[in-house]
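# Geometric and topological summary
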Amino acid sequence: MTGIAYVAASAMSGTHASADSPSPRPNPLATASTPSADMPSSSGASAPVALTRGSQLVNGVSIEYPHTLAGAVSAASEYMTDLGSTLDPDRTAAVMRLVADPSYTDGPAEWAKGTSDARASLGLPTSGLLPSAAAVMLGPAEYQVRDASDDQVTVLLLARYTTSLPGTGTKSSNAVFPLRMHWAGGDWKVLKPDGTTYTSLAAAPGSDQARSLGWQEIGQ
C-alpha cells in the first residue's frame, strides 16, 4: 500500500499513521541532532519556523523558495499540502511535474498511483468522477529535519489528514509525511523517497508527546 493510501486507510479508523513514500520500505529511523538556524548542516530537530511563500504561483502551486531552512520547510509544507489534499490523480501528477527533482523522473506517475490507491482505500473508484461529498485535506502543523546539508534536507511534517465521505462523515488522523528536498535549478525540489518510516513519531500536534518527540511549530 502506498504512503498516502496507508494514511487514508488509517484516517478511517482514527489512528496515528506515517506516510513514508508513494512506495514505502521499512528502514531504521535516523538519529536526531540540532541544525544551524540558516541552512542546516546536520540532522535533527530545529527551532520553530515561519512559513514563507514562493516567489511564483504556477498552476495553483507556490514555487521558487529561498535557499534556506525556512525555504525548504515552506516548500515541503506547500508541496505536501497540494499532493495530499486531492483525490484527482491527474492533479497529483501535475503538481509533481512542477516540484519533482530532475532525477525523480517517475515521480508524477508514482504519486498519481498513490492518489488512486488512496481512493481505493477509502472505498472510492480509482478513476473517474467522485461523489461531491468525497474530499481529503492535509494540514501540516509541525516539522523536524533529517540528513541536512546546504543543498539537501529531509523535512518531516506532522500533519492532520482529514477524509470526508458520503455516508460515513468526516474522520481524521495524525500522520508523519517526509519529503526529501534537494536544491536544484534555483528551487527546492522533491527527491524520490528512500523508504524510511517514521511511525513512532506520529502524535497529536501541539501535545506534550509531540514536544517530547522533537516536533517544532510551523508558523503562518
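The preceding data block contains the structure.
Residues numbered from 1 in each chain as written. Predicted model: local features only at pLDDT ≥ 70, side-chain atom pairs only at ≥ 80, totals over all residues. Heavy atoms only, no water.

## So, the packing of aromatic side chains
- Summed over all chains, the structure comprises three aromatic pairs.
- On the numbers, 6.1 Å between centres and 80° between planes, the contact of Tyr65 with Tyr79 is edge-to-face. Of this pair, Tyr65 sits in the loop between strand 4 (61-63) and helix 2 (69-84) while Tyr79 sits in helix 2, placing them 14 residues apart in sequence. When sorted by exposure, Tyr65 lands in the same class as Tyr79, which is buried.
- The interplanar angle of 45° and the centroid separation of 6.4 Å between the aromatic rings of Tyr161 and Phe177 together place this pair among those described as tilted. Of this pair, Tyr161 sits in strand 6 (residues 152-165) while Phe177 sits in strand 7 (residues 169-184), and the two are 16 residues apart along the sequence. The residues Tyr161 and Phe177 share a single accessibility class, namely buried. (Phe/Tyr/Trp six-rings, centres within 6.5 Å; stacked < 30°, edge-to-face > 60°. Helix = DSSP H or I, 4+ residues; strand = E, 2+ residues; numbered from the N terminus. Buried < 20%, exposed > 50% of the residue type's maximum accessible area, 1.4 Å probe, protein only.)

## Re the pairing of strand 5 (residues 135-146)
- Pairing analysis gives eleven bridges linking strand 5 to strand 6, with the strands arranged antiparallel. Bridge pairing in strand 6 links Glu142 to Leu158.
- Between strand 5 and the antiparallel strand that follows it, strand 6, lie five residues; Asp147 among them carries a positive phi value of about 50°.
- Two elements, strand 5 and strand 9 (residues 216-219), share two bridges in a ladder whose sense is antiparallel. Within strand 9, the residue paired with Glu142 across the bridge is Glu217. (Pairing = 2+ DSSP bridges.)

## Looking at the nonpolar core
- One finds Tyr79 and Met181 to be the most contacted residues of the largest nonpolar core, which totals 40 residues.
- In terms of residue count, helix 2 provides more of this core than any other element does, eight residues in total.
- In contact with Met181, not counting residues within four places along its chain, are Ala72, Ala75, Ala76, Tyr79, Asp151, Gln152, Val153, Val155, Trp188, Lys189, Val190 and Leu191.
- The next biggest cluster of nonpolar side chains, apart from the first, holds nine residues, and it includes Val176, Tyr198, Leu201 and Ala202. (Core = buried A, V, L, I, M, F, W, Y, C linked by side-chain atoms within 4.5 Å. Contact = heavy atoms within 4.5 Å.)

## Side note on helix 3 (residues 89-99)
- When we look at burial in helix 3, the residues that qualify are Pro89, Thr92, Ala93, Ala94, Val95, Met96 and Val99.
- Taken together, the buried residues of helix 3 touch strand 4, helix 2, helix 4 (107-121) and strand 8 (187-190).
- The opening residue of helix 3 is Asp88, an N-cap whose side-chain oxygen sits 2.9 Å from the backbone nitrogen of Asp90. (Polar contact = N/O pair within 3.5 Å; in protein donor to acceptor, adjacent residues only side chain to side chain.)

## Comments concerning the pattern of salt bridges
- Counted under the stated rule, the structure contains five salt bridges.
- Of the charged contacts, one joins Glu78 and Arg53 as a salt bridge, the two residues approaching to 3.3 Å between their closest N and O atoms. Of this pair, Glu78 sits in helix 2 while Arg53 is found in the loop between strand 2 (49-50) and strand 3 (56-58), placing the two residues 25 residues apart along the sequence.
- On the basis of relative accessible area, Glu78 is assigned to the buried category, the value being 12%.
- Arg53 sits in the exposed class, given a relative accessible area of 57%.
- Among the ionic pairs, Asp208 bridges to Arg211, the shortest N-O distance being 2.3 Å. With Asp208 and Arg211 both in helix 5 (residues 208-212), this residue pair falls three residues apart, about one helical turn. (Salt bridge = Lys/Arg side-chain N within 4 Å of Asp/Glu carboxyl O.)

Keep in mind these numbers describe shape, not what the thing actually does.
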